[in-house]
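Coordinate inspection notes
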Amino acid sequence: YGDGVFQAACATDFLEHVDEPKAVVAEAPRVLQPGGLFFFATFNRNFISWLFGIKGVEWFVRNTPPRLHELSLFIKPAELRTMCEASGLRVNELHGYVPRFNRAFWRLLMTGVVADDFTFHFVRNTLTGYIGLAVKSE
């Protein structure tokens, strides 16, 4: 795509699957117009994320491919903020998110199937997963 052609770019459930997230983040402002929005969501790199985001998914979600997630590819929030700032993006919002512990969650644990009503909600803590919004400098 050409330079400055988009008003928004999105990297949700993606950055934790690439070897060079810096290159992905650097590409976002190139294709964004001034003031364009970059949305991202990924996992924090720590033991708790490994336990829930890797092992929990492997243990409880049926048909999870081997090595779907690797801890070494998870990104700490401060690292992603640094990547954004180095690329000309200003992080305006950063929120943690976790699954809602409702019927859909408990059904998942019992059946191994992620149903359509399985949802997440925002929390202050970015310990496991986090979602954010960055803006390209004018």
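Parameters and conventions
- Residues numbered from 1 in each chain as written.
- Predicted model: local features only at pLDDT ≥ 70, side-chain atom pairs only at ≥ 80, totals over all residues.
- Heavy atoms only, no water.
- Helix = DSSP H or I, 4+ residues; strand = E, 2+ residues; numbered from the N terminus.
- Buried < 20%, exposed > 50% of the residue type's maximum accessible area, 1.4 Å probe, protein only.
- Phe/Tyr/Trp six-rings, centres within 6.5 Å; stacked < 30°, edge-to-face > 60°.
- Contact = heavy atoms within 4.5 Å.
- Axes fitted to C-alpha atoms, helices over the stretch in contact; angles between N-to-C directions.
- Parallel < 35°, antiparallel > 145°, perpendicular 65-115°, else oblique.
- Left-handed = near helix turned anticlockwise from the far one by under 90°.
- Nonpolar A, V, L, I, M, F, W, Y, C, P; charged D, E, K, R; others polar.
- Patch = residues over 30% accessible without salt bridge, like charges linked within 9 Å, V, L, I, M, F, W, Y side chains within 5 Å.
- Areas by Shrake-Rupley, 256 points an atom, 1.4 Å probe, with all protein chains shown as cover.
- Salt bridge = Lys/Arg side-chain N within 4 Å of Asp/Glu carboxyl O.
- Disulfide = S-S within 2.5 Å.
- Pairing = 2+ DSSP bridges.

**Things to note about unusual backbone geometry**
A negative phi holds for most residues other than glycine; trans holds for most peptide bonds. Positive phi is not limited to glycine here, since Asn 63 has a value of about 65°. When you line up the elements, Asn 63 lands in the loop between α2 (47-60) and α3 (77-86). Judged by relative accessible area, Asn 63 falls into the exposed class, the value being 71%. Phi at Arg 67 takes a positive value of approximately 55°, unusual for a residue other than glycine.

**A look at the packing of aromatic side chains**
For any pair of aromatic rings, geometry is given as the distance between the ring centres together with the angle between the planes. Overall, the coordinates contain 9 aromatic pairs when judged by the stated rule. The interplanar angle of 35° and the centroid separation of 5.8 Å between the aromatic rings of Phe 38 and Phe 40 together place this pair among those described as tilted. Note on Phe 40: relative accessible area 1%, which makes it buried. A connected cluster of aromatic rings, assembled from ring pairs, spans Phe 38, Phe 40 and Tyr 130.

**Things to note about the side chain of Asn 44**
Positionally, Asn 44 belongs in the loop between β2 (32-43) and α2. We classify Asn 44 as buried; its relative accessible area is 8%. Excluding anything up to four places from it in sequence, Asn 44 contacts Ser 49, Phe 74, Ile 75, Lys 76, Pro 77, Thr 126, Leu 127, Thr 128, Gly 129 and Tyr 130.

**Points about the packing of helix α1 (residues 21-31) against α3**
Here α1 crosses α3 at 45°, and the two axes come no closer than 8 Å. Taken together, α1 and α3 sit at an angle that is classed as oblique. Crossing hand, α1 versus α3: right-handed. Residue-level inspection shows Pro 21, Lys 22 and Val 25 of α1 in contact with α3, the latter providing Leu 80, Met 83 and Cys 84. Here the residues of the contact of α1 with α3 sort into 5 nonpolar, no polar and 1 charged.

**Overview of a nonpolar patch on the surface**
A contiguous nonpolar patch, built from Tyr 1, Val 5 and Phe 6 and spanning about 350 Å² of accessible area, is present on the exposed surface. Here Val 5 shows up in the segment before β1 (6-12).

**Structural notes on the state of the cysteines**
Counted under the stated rule, the structure contains 0 disulfides. We note that Cys 10 lacks a disulfide partner, and the nearest cysteine sulfur, in Cys 84, lies 13 Å from it.

**Quick look at the environment of Gln 33**
Mapped onto the elements of the fold, Gln 33 is located in strand β2. Overall, Gln 33 belongs to the partly exposed group, its relative accessible area being 28%. C-alpha of Gln 33 to C-alpha of Gln 7: the two residues are 26 residues apart in sequence and 5.7 Å apart in space. In contact with Gln 33, not counting residues within four places along its chain, are Gly 4, Val 5, Phe 6, Gln 7 and Lys 136.

**Let's talk about the sheet that holds strand β3 (residues 89-99)**
If you walk across this open sheet you meet the 5 strands as β1-β2-β5-β3-β4, and the pairing is mixed. Strand pairing shows two members of the sheet lacking a second neighbour, β1 and β4 (120-123), which therefore form its edges. On average, each strand axis in the sheet is tilted by 25° relative to the strand beside it, whichever way the strands run.

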